[in-house]
Amino acid sequence: MSLDLILRIGTKLILPFILLFALYVQFHGEYGPGGGFQAGVITAGMVILFAITFGLRAAKRIAPQALVERMVPLGVLIFAGTGVLGLLLGHNYLDYGPLAHDPAHGRVLGIFLVEAGVLVTVSGTMTALFYAFAERGR
Amino acid sequence: MRQRSLFGVVILSGVYSFLMASVLIVLDAVDVAMTEASVGAGVSTVLLLATLHLTKTTEATSFRGTMIPLFVAVVTGAALIWSTFDLPPFGTAEAPIHKHVAPYYLENSLRETTVPNVVTSVLADYRGYDTLGETTVIFTAGIGVMLLLRGARRRDRAADVEGSS
């Protein structure tokens, strides 16, 4: 295991920054480039890098398979649920205006929720796909 | 040039995705460039390599001729290039795509949503249905692949148990 010392230390050093960048892309998507989709892929990329370096079992400790697979439908539920919330408040489906007193603030909140849903689904799907492929190879 | 090693093909497609991301940056489409770099060059390459891990890594030799595929490729390429002559000049403000709803988004997005990045407000708010559809596509694709790969494994195991008992 001494041969891949550089890989192991390098991965450990770089992982928090990848996650931080993913969060930045997620929460700064309203101001700069990015959003839920890109952040989800970057988060999944972090897990995949961890799995490639430290093995599938270690990766499943930090991102359990059951959780990852539940995230796949959960994100769509968050997205569609935000739309239903608009319906329940007496407006159109996916109209975020009524979520707050000021329609503009409601839209910001709606965009935030929707992007969170996209993040959950995309990161969950990409990680679950990688798990499914990696397991199959053994 | 002929590349029979699928490993090389996967790496080349990753390189192509990165080049496309650079092209998209030149076109000022930073959001799309970011998606292309992370999905096209990152996750797709990893998943394709994982697929190669499950299958053979060299392309099977085809017994059919190459003339028909070449003909189809040349005709399709020629038709695409021919159709670009009808496109409006590159970057012009008079293009139909800039005249429909784009001005409304650009003028009213900041006031209606207070989100400075118009791409985000169009994706998540004005075109929320599209994004919901995209998310559902990813959900469906993920569920499908998981059912195929993991379902087959369970069946293998069940067959093993039945065979051994």
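Moving on to the overall build of chain A. When helices and strands are counted, chain A shows 5 helices and 0 strands. Sequence-ordered secondary structure for chain A, helices as α and strands as β, is α-α-α-α-α. Over its C-alpha trace chain A gives a radius of gyration of 18 Å, far above what one expects of a compact globule, namely 14 Å for 138 residues. When the 138 residues of chain A are sorted by exposure, 50% land in the buried category. Nonlocal contacts in chain A, meaning residues at least 24 apart in sequence, comprise 61% of its contacts between residues at least 6 apart. When the accessible surface of chain A is totalled, it reaches about 6800 Å², and 71% of it is carbon and sulfur. Charged side chains in chain A number 9 positive and 7 negative. The centres of these two groups are separated by 18 Å.

A residue-level look at chain A finds 96% of positions with pLDDT of 70 or above and a mean pLDDT of 87. Put simply, helix α5 (residues 103-136) of chain A is where chain A has its lowest mean pLDDT, 88, and helix α1 (residues 5-27) of chain A is where it has its highest, 91.

Caution applies to low-pLDDT regions: their predicted coordinates should not be interpreted in detail. The share of residues in chain B with pLDDT of 70 or more is 91%, and the mean pLDDT across the chain is 84. Mean pLDDT across the elements of chain B bottoms out in helix α6 (residues 128-164) of chain B (79) and peaks in helix α3 (residues 67-84) of chain B (94).

Moving on, we get to a nonpolar patch on the surface. Residue and element names in this part refer to chain A. Nonpolar side chains collect at one region of the surface, where Leu19, Leu23, Phe27, Leu109 and Phe112 lie side by side and expose about 430 Å² of accessible area between them. Looking at the nonpolar patch, the elements with two or more residues in it are α1 and α5. Ranked by residues supplied to the nonpolar patch, first place goes to α1 with 3 residues. Of note, phenylalanine 112 is situated in helix α5.

By the definition in use, this model includes 7 aromatic pairs over all chains. Here tyrosine 104 of chain B and tyrosine 105 of chain B contribute two aromatic rings whose centre-to-centre distance is 6.3 Å and whose plane-to-plane angle is 65°, an arrangement assigned as edge-to-face. Overall, tyrosine 105 of chain B belongs to the buried group, its relative accessible area being 12%. Grouped by ring-pair contacts, the aromatic residues Tyr104, Tyr105 and Tyr126 of chain B constitute a single cluster. Sitting over the ring of tyrosine 131 of chain A, lysine 60 of chain A keeps its end group 5.4 Å from the ring centre.

Okay, the environment of isoleucine 138 of chain B next. The residue isoleucine 138 of chain B is located in helix α6 in this model. Every residue in contact with isoleucine 138 of chain B, bar those within four places of it in the chain, is listed here: Phe37, Thr121, Val122 and Thr125 of chain A.

Take the pattern of salt bridges next. All names here are of chain A. Scanning the model with the defined rule gives 3 salt bridges over all chains in all. One salt bridge connects aspartate 4 with arginine 8, and the closest N-O pair in it is separated by 3.4 Å. A salt bridge links glutamate 135 to lysine 60; the shortest N-O distance between them is 2.6 Å. Remark: lysine 60 occurs in helix α3 (residues 56-62) and glutamate 135 occurs in helix α5; sequence separation between them is 75 residues. Accessibility expressed as a relative area gives 9% for glutamate 135, which makes it buried.

Let us now look at helix α5 (residues 118-126) of chain B. Buried within α5 of chain B we find Thr120, Ser121, Val122, Ala124 and Asp125 of chain B. The backbone nitrogen of valine 119 of chain B lies 3.1 Å from a side-chain oxygen of the residue at the head of α5 of chain B, namely asparagine 117 of chain B.

Turning our attention to the nonpolar core. Formed by 40 residues in total, the largest nonpolar core has its most connected members in Phe79, Tyr96 and Tyr131 of chain A. Among the secondary structure elements, those contributing two or more residues to this core are α2 (36-54), α3, α4 (65-88) and α5 of chain A together with α2 (30-54) and α6 of chain B. Leave out the neighbours within four places in its chain, and tyrosine 96 of chain A touches Phe79, Thr82, Gly106, Arg107, Gly110, Ile111 and Val114 of chain A together with Ala124, Asp125 and Gly128 of chain B. In terms of nonpolar packing, the next biggest core, distinct from the first, is built from 6 residues, Ala39, Ile42 and Leu119 of chain A together with Met34 of chain B among them.

With 41 residues of chain B at the contact, the number on the chain A side is 42 residues. The junction of chain B with chain A conceals about 3800 Å² of combined surface from both sides, 75% of it contributed by carbon and sulfur atoms. Inspection of the region where chain B meets chain A yields 1 salt bridge. Residue arginine 107 of chain A pairs with aspartate 125 of chain B through a salt bridge whose shortest N-O separation is 3.6 Å. Remark: the boundary between chain B and chain A carries 8 residue pairs in polar contact (both at pLDDT 80 or more). Top element by residues in the side of chain B that touches chain A is α6 of chain B. It accounts for 17 residues.

Quick notes on the rules
Residues numbered from 1 in each chain as written. Chains lettered and ligands numbered in written order. Predicted model: local features only at pLDDT ≥ 70, side-chain atom pairs only at ≥ 80, totals over all residues. Heavy atoms only, no water. Helix = DSSP H or I, 4+ residues; strand = E, 2+ residues; numbered from the N terminus. Rg over C-alpha atoms; globule rule 2.2 N^0.38 Å. Buried < 20%, exposed > 50% of the residue type's maximum accessible area, 1.4 Å probe, protein only. Contact = heavy atoms within 4.5 Å. Areas by Shrake-Rupley, 256 points an atom, 1.4 Å probe, with all protein chains shown as cover. Lys, Arg positive; Asp, Glu negative; His and termini not counted. Charge placed at Lys NZ, Arg CZ, Asp CG, Glu CD. pLDDT = per-residue confidence, 0-100. Patch = residues over 30% accessible without salt bridge, like charges linked within 9 Å, V, L, I, M, F, W, Y side chains within 5 Å. Salt bridge = Lys/Arg side-chain N within 4 Å of Asp/Glu carboxyl O. Phe/Tyr/Trp six-rings, centres within 6.5 Å; stacked < 30°, edge-to-face > 60°. Lys NZ or Arg CZ within 6 Å of the ring centre and 35° of its normal. Polar contact = N/O pair within 3.5 Å; in protein donor to acceptor, adjacent residues only side chain to side chain. Core = buried A, V, L, I, M, F, W, Y, C linked by side-chain atoms within 4.5 Å. Buried area = accessible area lost by both parts, 1.4 Å probe.

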